[in-house]
Structures are given as structure tokens and as C-alpha cells.
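# Examination of the molecular architecture
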Amino acid sequence: MSGGALGEMLFRFVVGGAVVALFSLGGDVFKPHSFGGLFGAAPSVAIATMALTLHKEGSRFVATEALFMCGGALALGAYAVTVSWLLRHRRAAVPFTAMMAVPVWFVVALAFWLVVRAT
Amino acid sequence: MKLRFDTSALRRGSWKKQLGRFIWGGTITVATGLLAKWLGPRGGGLFLAFPAILPLSLVMLARRENAEVKDPHARDRGRHAAVAAAAGASFAAPALLVFAVATWLTVERWPPVFVWLGAGTAWSLAALLSYGLWRATLR
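So, a few notes on the structure that sits alongside this text.

Each value, and the rule that gives it
- Residues numbered from 1 in each chain as written.
- Chains lettered and ligands numbered in written order.
- Predicted model: local features only at pLDDT ≥ 70, side-chain atom pairs only at ≥ 80, totals over all residues.
- Heavy atoms only, no water.
- Helix = DSSP H or I, 4+ residues; strand = E, 2+ residues; numbered from the N terminus.
- Expected span 1.5 Å × (residues − 1).
- Buried < 20%, exposed > 50% of the residue type's maximum accessible area, 1.4 Å probe, protein only.
- Salt bridge = Lys/Arg side-chain N within 4 Å of Asp/Glu carboxyl O.
- Phe/Tyr/Trp six-rings, centres within 6.5 Å; stacked < 30°, edge-to-face > 60°.
- Lys NZ or Arg CZ within 6 Å of the ring centre and 35° of its normal.
- Contact = heavy atoms within 4.5 Å.
- Buried area = accessible area lost by both parts, 1.4 Å probe.
- Polar contact = N/O pair within 3.5 Å; in protein donor to acceptor, adjacent residues only side chain to side chain.
- Nonpolar A, V, L, I, M, F, W, Y, C, P; charged D, E, K, R; others polar.
- Axes fitted to C-alpha atoms, helices over the stretch in contact; angles between N-to-C directions.
- Parallel < 35°, antiparallel > 145°, perpendicular 65-115°, else oblique.
- Left-handed = near helix turned anticlockwise from the far one by under 90°.

### Quick notes on helix α1 (residues 3-29) of chain A
Its 27 residues give α1(A) an end-to-end C-alpha distance of 39 Å, which sits within 8% of 39 Å, the value for a rise of 1.5 Å per residue. Residues of α1(A) that are buried include every one of A:R12, A:G16, A:G17, A:V19, A:V20, A:A21, A:S24, A:G26, A:D28 and A:V29, and no others.

### Some thoughts on the pattern of salt bridges
Using the criterion set out here, one finds nine salt bridges over all chains in the structure. One salt bridge in this structure joins A:D28 and B:R21, with 2.8 Å as the shortest N-O distance. Residue A:D28 is located in helix α1, and its partner B:R21 is located in helix α2 (residues 15-46); the two belong to separate chains. With its nearest N and O atoms 3.1 Å apart, the salt bridge here joins A:D28 to B:R64. Here A:D28, found in helix α1, pairs with B:R64, found in helix α3 (residues 53-67), and the two come from separate chains. A residue is classified by how much of its surface remains accessible, and A:D28, at 6% relative accessible area, is buried. Classification of B:R64 by relative accessible area gives buried; the value is 12%. Among the charged side chains, a network of salt bridges with common partners joins A:D28, B:K17, B:R21 and B:R64.

### Observations concerning the packing of aromatic side chains
By the definition in use, this model includes 17 aromatic pairs over all chains. Judged by centre distance (5.1 Å) and plane angle (80°), the rings of A:F35 and B:Y131 are edge-to-face. Pair noted here: A:F35 is in helix α2 (residues 33-36) and B:Y131 is in helix α5 (residues 112-138), and the two residues belong to different chains. In this pair, the class of A:F35 matches that of B:Y131, namely buried. Ring geometry for A:W105 and B:F47: centres 5.2 Å apart, planes at 50°, overall tilted. Of this pair, A:W105 sits in helix α6 (residues 102-118) while B:F47 sits in the loop between α2 and α3, on two different chains. The structure contains a cluster of three or more aromatic residues connected by ring pairs, namely A:F23, A:F30, A:F35, A:F39, B:F91, B:W123, B:Y131 and B:W134. Just above the ring of B:W134 sits the side chain of B:R135; from NZ or CZ to the centre is 5.7 Å.

### Observations regarding the interface of chain B and chain A
Tallying the contact residues gives 79 residues for chain B and 75 residues for chain A. Both faces combined, the contact of chain B with chain A buries some 6900 Å², and carbon together with sulfur accounts for 76% of it. Sorting the residues of chain B by area buried against chain A places B:L46, B:L48 and B:R79 first, and these three jointly supply 11% of that buried surface. Counting across the interface, chain B meets chain A through five salt bridges. The partner of A:D28 in a salt bridge is B:K17, with the nearest N and O atoms 3.7 Å apart. At the boundary of chain B and chain A, one finds 13 residue pairs in polar contact (both at pLDDT 80 or more). Within the residue set of the side of chain B that touches chain A, elements represented by two or more residues are β1 (4-5), α1 (8-12), α2, α3, α4 (76-106) and α5 of chain B. In terms of residue class, the side of chain B that touches chain A is made up of 50 nonpolar, 15 polar and 14 charged.

### Overview of the packing of α1(A) against helix α3 (residues 44-57) of chain A
All names here are of chain A. Taken N-terminus to C-terminus, the directions of α1 and α3 make an angle of 150°; their axes are 8 Å apart at the nearest point. Considering the angle they form, α1 stands roughly antiparallel to α3. Classified by chirality, the crossing of α3 by α1 is right-handed. Taking contact as the criterion, the partners of E8, F11, R12, V15, G16, V19, V20 and F23 in α1 are, on α3, S44, V45, I47, A48, T49, L52, T53 and K56. For the contact of α1 with α3, the class distribution of residues is nine nonpolar, four polar and three charged.

Below you can see the structure in the form of C-alpha cells.
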């Protein structure tokens, strides 16, 4: 790996870490917890990633990323609804439930991918 | 319940927790950048909304709430907090969709600063609207 690529990764790491930590603080300080939960689906990773990608790959690349992010957002909604439902109706622990619901995200994201590809 | 700004959570939180979030967020951002390189903008775009931060937030919230409870029979406090936070996140997901659409529509036309300001504002307004509508239906 070249020095330039390593430097870019380090820059991504620092910017992404700072943005995510900042948004997470929002989730800590707002009450009730349902409002703080809004920050759990904040575009923190997206802002950090796309801002850096825009500089490197150009606006066409980022526009396509944003279009396909719509599928990821729908999948994230399905994931959050599933976690909320499972925690309310099943007795499993929070870490177990949060991990076990991740396949829901993959199923919805894959469905979006297939639908967009077919149209 | 009224919306309020409670800074006591910042005093209770440790620098280790913030460092953990920083490292996790940095790792996820590097990983999504690499995914976009390998899978192209389509696959990389999907992973921009991967539930990477939310599970960690829910687990940390449940632990923090349970740690404040002395009575072992009241250990459901963490679970209830996680249910509420997950419900809130499910109402922010449409706002994330609004953010993505706003970026898609503007990124090839506007200067970058206005793209992120516009998309960020669109996310904030959509999240507040979505949350407000949900709270209104509960009354």
C-alpha cells in the first residue's frame, strides 16, 4: 500500500471517527430515549464518507452512491423496527437482539438492489 | 414526555466510551470507503446506511441504564430504554432516505458546502417531522 493511500485511510478514520462521536453525543444528551434514538440513524458515516469521496471520485460517483443509499436507508428502517419489536416481545438480551436482526438489513438491501437493477 | 436537553449523561459518560465510539466510527468509515472501491458506488452506497452505529448505541444505552439501577428486579430499565431508542431510530430512517435523495438531487449541481448543508438540514427537518407525527399519534 502506498503512502498516499495509507494517508487517505488515516484521514478517513479521523474524520469518520470525529463525526460519528459527535452525532453519538446527540443521542446521549437528548431525552426521552426515543428522541435520542433519532441519532442512531443519523447520516454520520454517510456525510464523512461521501464528502471525502466527492473530493476524490467526483460528483457522478457520489450521486450513484446516494441513490443506492436510499435502499440502505429503507433497510435500516426495517432493521430498527425489527429490533424494537423483538426487544418488546421477546426476552433475548439487547446485544444478542441487535446482532440477530442484522440479516434483516441484508435482505431488504439486496431486494432494493435487485429491484433497481431490474428497472 | 417532554423533550429535554440533559447534560448529566456527558458527566456520567467516560472518555473511554467516547474513544470507543471514535475508533468504531473511524473503522466503519474506512470500511465503507474500501467497500465503495471494491463494489463500486452501488454496493458502497447501500453500505452507507448499514446499521453499524445503532447496535453499539443500543447496547451502550442499555448497559448505562442498568448500571444506574440498584434493585436487580428493575433490570428491565435498560431494555425499555433500548426499545425506545430503536423506535426513535426507525422514525429517523425515513429522514435518512430524505438525506440520500437530497444528496442525489443536488450533488452534481451545487457546490459541496451547500450539498451537505442542504442534505443535513433536510435530514434534521424530516427526523423532527417524523418524530413529531409519531408522538402526536400516541396522544
